Amino acid sequence: MGISKLQRMIDDLCLCEEVKVEKTGLIIDGAALYYSLYYNSYPKLDQHCGGDYPGFKDDVCKFFEALQDCEVTPYVILDGASGSEKQKSLHSRLKRRLENAKTIAESEPDAVPKGCNVLPPLVKDVFIEILKEKGIEFKQCLGEADPEVVSAANQKQCAVLSHDADFCIYDVNKGFLHLEHFEWKRKKDGKIPAKLYTLSKFCEHFKLDPALMPVFASIAGNDYSILEDRGRFARQSSSSGEYSIKRLDGILRFLSKVNLDGLNDSQKRERALSQALSHVGKEENQTFKLSIQKYVQLEKPSSELPSWVRKKVERGELTTFVISVVDQKTMMLPALVEDFSQRSSYTAAYPIRQYFYGLLIGGQMCTEYDRDREEIKDKRVPSIGKQLQLEHLHKAPEGLRRRVFEEALQVQTLDLENIPDQLKLPVCVTVFWFNNLKLGQKPETVHCLHALLLGFVCDRDGPEDKFERKMKALKDEGVSNWQPRVAHAFSQWLCCMRQSLHLNQLLCSPLPESQCARLYCGPLLHRLADEETFEKLLKTLRGKKKKLYQDLKTIFHLLARKKTLVIGDSVLKDVDPEIPATTLTYRSGATAGDIEAKLKLLAQDEHRFDKIVIHVSNNDIQNHQLEVIKPKIESVCNFAKTMSHSVGFSGPLPSRTSPHIIRSLSSFNCWLSNWCPENYVGFINNWKMFGLKPGLIESNHIYPTREGADLISRNLAKFILS
């Protein structure tokens, strides 16, 4: 984001020219614009509840309408992925944003410290959606946007609009307009008041050769390098400003005195850097030279992406996350405002990301950077799915691409024919999200579900009726009682939504694209998550909106019904297959008879499952001979089949409590491994897998170790997904 405090110094020295912007082209740093519009909105847009995307859309549209009124033609350039050389900087930035997210989560909306901001997760996607809708010319880069912004500005002879102080370093022919001083809301007579920075005026003030500006940036401190000088430059400054301003002033004064006679620009930079390093007692360092080159050589980054993927990224039809996954095998998961006492909201979308990685990098691992409590931790994530090769994915039949999407979200999209196109993807996401939370489901989860479905019905652009007026009034009232658990449930939904949106893009849209801007308004949904408020709004539904809500409820229950039950004894206590819609239940010492009794209790409440997996242990063997156990196994299996079309057994572990038990268990496992396929029942042979590796069973010879529980979890997950 450029040199800290540089813009402050420029403003203090009044080095910018006041101008009126009209009848011109304008190159816009897209990321800077959407950050600025969201953070500086009035009234302030929501950051507590996952974002206010309808409100954000209004502000973006007003901005571009102001440009149109002043005959300013915008060309927007968006960032792609950052190079590996910025990993340290990106990690530090992610940590700062995580701290901001926690501060926001723990503060009242009107008590958040100034400058403490976190961008809601769908802002960039909504911004691109608006650019397409309004026909604004734009491009999404494969790497950093800065070089392409400068090239486009000089080619089109336009100024640059951004808040990134790096544009004070580049030689932009028509200058740099800082967003803070671009007063588009105060346009008058077809003109926008602004302040224009030019490199020539800055260098003239400091009597500095413009060729040395990249050297200044590299040692002053940017995303790539900073020279630790222990206050030496600041002590040479005559500036009356704060320390950081004094330091910048001192560096500029020092560089202006370097003898550059008879040197070309490259040699000038080399000498200036060498003298600056020598001045503070540092040796020559390649880091500074690479940092300088970023400003001098405006090169497009190379990428391993296939050409069809590159084109989709540049057209804004595919997320830039694909670049870092393919080229660096990494994924930085942005900070979220959520309940920090719970696991990261991104956990909810973990299986979807695995399919996303699988399509991009085959069977390779991807390193994710995400929150673990209040720290950033890296985690290696295995990818899923090898059905499609990235090189030819866009040529695969639509049916196959749709099946991959269905497998990732565990839904059947054929059931969606009565749902409007723009809601098909959100409905699938909502089913996945709800099923994924079943294991730890709380009352607020159900309330959030109802709120989302009712929110899908809302159409601000349609005819206004009593329902829409009530919804608008509710949004305008805001949220007075922020509930962490409700916020966390919605945050999990947003993570699932964004990752599903990106997976659908990568699969070349087997499902119609969604209008993200109308899908989610955080403050409104938080109010609707209150049961009493929801019921009042529900009563105002009429006509087509009432029918749509009923259709959404019907299809949701149809899709969400597909679920799995894993049942057994306390061997399962540390097992977690991490598969959505999987319920795991166990009881210490449970026998086949106990399991059947539990199934009968569930059946009384009309529970049905897509799959039932019964884990059998050594509890029956300890009390009975094999011939006595066989009918009990057959009985529990037959009853399970009345509750599910698919039943499987997870076999016993090789317990070594006594020679007699081990022989009996071995015979039982051998019989079960033959009986299951003969009776069209699935079987997981834990005995075989646990016997191949030591350290999987605890010293009591009964329970699995953590590694053993993880192995059972993987075996169950593979069986459930098969």
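Here is a short report on the structure shown in this document. (Residues numbered from 1 in each chain as written. Predicted model: local features only at pLDDT ≥ 70, side-chain atom pairs only at ≥ 80, totals over all residues. Heavy atoms only, no water.)

**Observations concerning the overall build of the protein chain**
A count of helical and extended segments in the protein chain gives 30 helices and 15 strands. Counting only residues that meet the buried cut, the protein chain has 56% of its 722 residues in that class. Residue pairs in contact within the protein chain that sit at least 24 positions apart in sequence constitute 73% of those at least 6 positions apart. When the accessible surface of the protein chain is split by element, carbon and sulfur atoms take 46% of a total near 32,900 Å². Both charge centroids of the protein chain, one from 100 positive and one from 94 negative side chains, sit 1 Å from each other. (Helix = DSSP H or I, 4+ residues; strand = E, 2+ residues; numbered from the N terminus. Buried < 20%, exposed > 50% of the residue type's maximum accessible area, 1.4 Å probe, protein only. Contact = heavy atoms within 4.5 Å. Areas by Shrake-Rupley, 256 points an atom, 1.4 Å probe, with all protein chains shown as cover. Lys, Arg positive; Asp, Glu negative; His and termini not counted. Charge placed at Lys NZ, Arg CZ, Asp CG, Glu CD.)

**Re a positive patch on the surface**
On the surface, Arg-230, Arg-232, Arg-235 and Lys-282 cluster together into a patch of positive charge. Tracing the backbone shows Lys-282 in the loop between helix H11 (265-279) and helix H12 (286-296). (Patch = residues over 30% accessible without salt bridge, like charges linked within 9 Å, V, L, I, M, F, W, Y side chains within 5 Å. Salt bridge = Lys/Arg side-chain N within 4 Å of Asp/Glu carboxyl O.)

**Let's talk about the side chain of Ser-107**
Within the element layout of this structure, Ser-107 appears in the loop between helix H4 (87-105) and helix H5 (123-134). Separated by 2.6 Å, the side chain of Ser-107 and the backbone oxygen of Thr-103 make a polar contact. Every residue in contact with Ser-107, bar those within four places of it in the chain, is listed here: His-48, Val-112 and Pro-113. (Polar contact = N/O pair within 3.5 Å; in protein donor to acceptor, adjacent residues only side chain to side chain.)

**Some remarks on the environment of Ser-644**
Here Ser-644 shows up in the loop between helix H27 (626-641) and strand S14 (647-650). For Ser-644, a relative accessible area of 1% corresponds to the buried category. In this structure the C-alpha to C-alpha distance between Ser-644 and Ser-4, which are 640 residues apart in sequence, comes to 62 Å. From its side chain, Ser-644 meets the backbone oxygen of Phe-609 in a polar contact 3.0 Å long. In this structure the side chain of Ser-644 is engaged in a polar contact, spanning 3.0 Å, whose partner is the backbone oxygen of Ser-646.

**Some thoughts on the sheet that holds strand S3 (residues 72-78)**
Read from one edge to the other, the open sheet built from seven strands follows the order S1-S7-S6-S5-S2-S3-S4, with strand pairing classed as mixed. Lying at the two open borders of the sheet, with one neighbouring strand each, are strand S1 (17-21) and strand S4 (137-140). Strand-to-strand, the axes of this sheet are offset by a mean angle of 35°, without reference to chain direction. Bridge analysis of strand S6 (residues 176-178) against strand S7 (residues 192-197) gives two bridges, and the strand direction is antiparallel. Each bridged residue has a counterpart across the sheet, and for Phe-176 the counterpart in S7 is Tyr-197. (Pairing = 2+ DSSP bridges. Axes fitted to C-alpha atoms, helices over the stretch in contact; angles between N-to-C directions.)

**A few points about the pattern of salt bridges**
Applying the stated criterion to the full structure yields 36 salt bridges. Arg-8 serves as the salt-bridge partner of Glu-242, at 3.2 Å between the closest nitrogen and oxygen. Of this pair, Glu-242 sits in the loop between helix H9 (232-235) and helix H10 (243-256) while Arg-8 sits in helix H1 (residues 6-12); the two residues are 234 residues apart in sequence, bridging distant segments of the chain. The class for Glu-242 is partly exposed, based on a relative accessible area of 35%. Between Lys-573 and Asp-574 there is a salt bridge, with the nearest N and O atoms lying 3.3 Å from each other. According to the relative accessible area criterion, Lys-573 is partly exposed, its value standing at 38%. The class of Asp-574 is partly exposed, set by a relative accessible area of 32%. Through salt bridges with shared partners, a single network forms among Lys-5, Arg-8, Asp-12 and Glu-242.

**What to know about the environment of Leu-416**
Inspection of the secondary structure assignment puts Leu-416 in the loop between helix H16 (398-409) and helix H17 (421-436). A residue is classified by how much of its surface remains accessible, and Leu-416, at 0% relative accessible area, is buried. Sequence separation between Leu-416 and Cys-428 is 12 residues, and the spatial gap between their C-alpha atoms is 8.9 Å. The contacts of Leu-416, once residues within four sequence positions are left out, are Lys-424, Val-427, Cys-428, Ile-555 and Leu-559.

Purely geometric stuff here, so don't read any function into it on its own.
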